[in-house]
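# Examination of the molecular architecture
Okay, here's what each chain looks like letter by letter:
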Amino acid sequence: ENGFGESIDNIYPSVPSGLMASIDDETVVLNWDQPVDADFQYFTIYSNYELIGYSSESIYTENVYGEFEYYITATDANGNESDASKSVSIQTYMLGDINYDAELNVLDIVILANIVLSEGEYVEVGDMNEDGALNVLDIVILANIVLSGE
């Protein structure tokens, strides 16, 4: 008597490891270890607890400004999803974007001028010439960028 049976794969993939975040030319670059499961299908990438993309490779890039926490999961050929990897946090910014709205505009110039004139606290994102000090030269550089539309 021949028997027929069915095998169900309900084994979750290994949790992805080695997640690292870096910045390369104002782009967030995520790297992690290669998958170890033979039936690996793809990675799911999350940022600030929201799904942002998928990758079959161990790399993902994103052009964003602000503070972000990333983690990933692995999914196998049968749709089983691993637990989340350890998370990594990274903060990106656009030089001159004092109010972190991802735009360089007159408001950034005004805020920087107020900081410089009041001898306020050093804000790295306002140090346009990256000399370690906030001064009138930084305001002029930012104003030129805003007025030229770069």
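Residues numbered from 1 in each chain as written. Predicted model: local features only at pLDDT ≥ 70, side-chain atom pairs only at ≥ 80, totals over all residues. Heavy atoms only, no water.

Let us look at a nonpolar patch on the surface. A contiguous nonpolar patch, built from Val 106, Leu 107 and Val 110 and spanning about 260 Å² of accessible area, is present on the exposed surface. Within the secondary structure, Leu 107 sits in helix H1 (residues 106-117). (Patch = residues over 30% accessible without salt bridge, like charges linked within 9 Å, V, L, I, M, F, W, Y side chains within 5 Å. Areas by Shrake-Rupley, 256 points an atom, 1.4 Å probe, with all protein chains shown as cover. Salt bridge = Lys/Arg side-chain N within 4 Å of Asp/Glu carboxyl O. Helix = DSSP H or I, 4+ residues; strand = E, 2+ residues; numbered from the N terminus.)

According to the stated counting rule, one finds six aromatic pairs in the structure shown. The interplanar angle of 10 degrees and the centroid separation of 4.8 Å between the aromatic rings of Tyr 46 and Tyr 71 together place this pair among those described as stacked. With a gap of 25 residues between them, Tyr 46 in strand S3 (residues 40-47) and Tyr 71 in strand S6 (residues 66-76) connect regions that are remote in the sequence. For the pair Tyr 46 and Tyr 71, one class covers both residues: buried. Here Tyr 49 and Tyr 71 contribute two aromatic rings whose centre-to-centre distance is 5.9 Å and whose plane-to-plane angle is 50 degrees, an arrangement assigned as tilted. With Tyr 49 in the loop between S3 and strand S4 (50-55) and Tyr 71 in strand S6, the pair connects residues that are 22 residues apart, well separated along the chain. (Phe/Tyr/Trp six-rings, centres within 6.5 Å; stacked < 30°, edge-to-face > 60°. Buried < 20%, exposed > 50% of the residue type's maximum accessible area, 1.4 Å probe, protein only.)

End to end, helix H2 (residues 136-148) covers 18 Å across 13 residues, agreeing with the expected 18 Å (1.5 Å per residue, within 8%). The complete set of buried residues in H2 reads Asp 138, Ile 139, Leu 142, Ala 143 and Val 146. End-on, the buried residues of H2 take up no more than an arc of 130 degrees, which puts them together on one face. Set apart from the buried face of H2 by more than 90 degrees, the exposed residues are Asn 144 and Leu 147. Packing partners of the buried residues in H2 comprise H1. (Expected span 1.5 Å × (residues − 1). Arc of directions from axis to C-beta. Contact = heavy atoms within 4.5 Å.)

Moving on: the nonpolar core. Counting 15 residues, the largest nonpolar core has Leu 30, Trp 32, Ile 45 and Tyr 70 as the members making the most contacts within it. Looking at this core, the elements that each hand over two or more residues are strand S2 (27-31), S3, S6 and strand S7 (88-92). In terms of residue count, S6 provides more of this core than any other element does, four residues in total. Core analysis: the next-biggest nonpolar cluster, separate from the first, contains 13 residues, Ile 109, Met 128, Leu 142 and Val 146 among them. (Core = buried A, V, L, I, M, F, W, Y, C linked by side-chain atoms within 4.5 Å.)

The sheet built from three strands is open, its strands ordered S1-S2-S5 with antiparallel pairing. Looking at which strands have only one partner, the edges of the open sheet turn out to be strand S1 (20-24) and strand S5 (59-62). Pairwise comparison of adjacent strand axes, ignoring direction, gives a mean angle of 25 degrees for this sheet. Sheet analysis places S1 next to S2, joined by five bridges and oriented antiparallel. Opposite Met 20, over in S2, you have Asn 31 as the bridge partner. (Pairing = 2+ DSSP bridges. Axes fitted to C-alpha atoms, helices over the stretch in contact; angles between N-to-C directions.)

Bringing H1 into the picture now. Think of an α-helix as turning once every 3.6 residues; residues three or four places apart then point the same way. Taking 1.5 Å as the rise per residue, H1 with twelve residues should run 16 Å; its terminal C-alpha atoms sit 16 Å apart, in good agreement. Along H1, the residues classified as buried are Asp 108, Ile 109, Leu 112, Ala 113, Ile 115 and Val 116. Viewed along the axis of H1, the buried residues span an arc of 160 degrees, placing them on a single side of the element. Opposite the buried face of H1, at more than 90 degrees from it, the exposed residues are Val 106 and Leu 117. Tucked into the core, H1 has its buried residues touching H2. The positive-phi residue at the C-terminal boundary of H1 is Glu 119, with phi of around 50 degrees.

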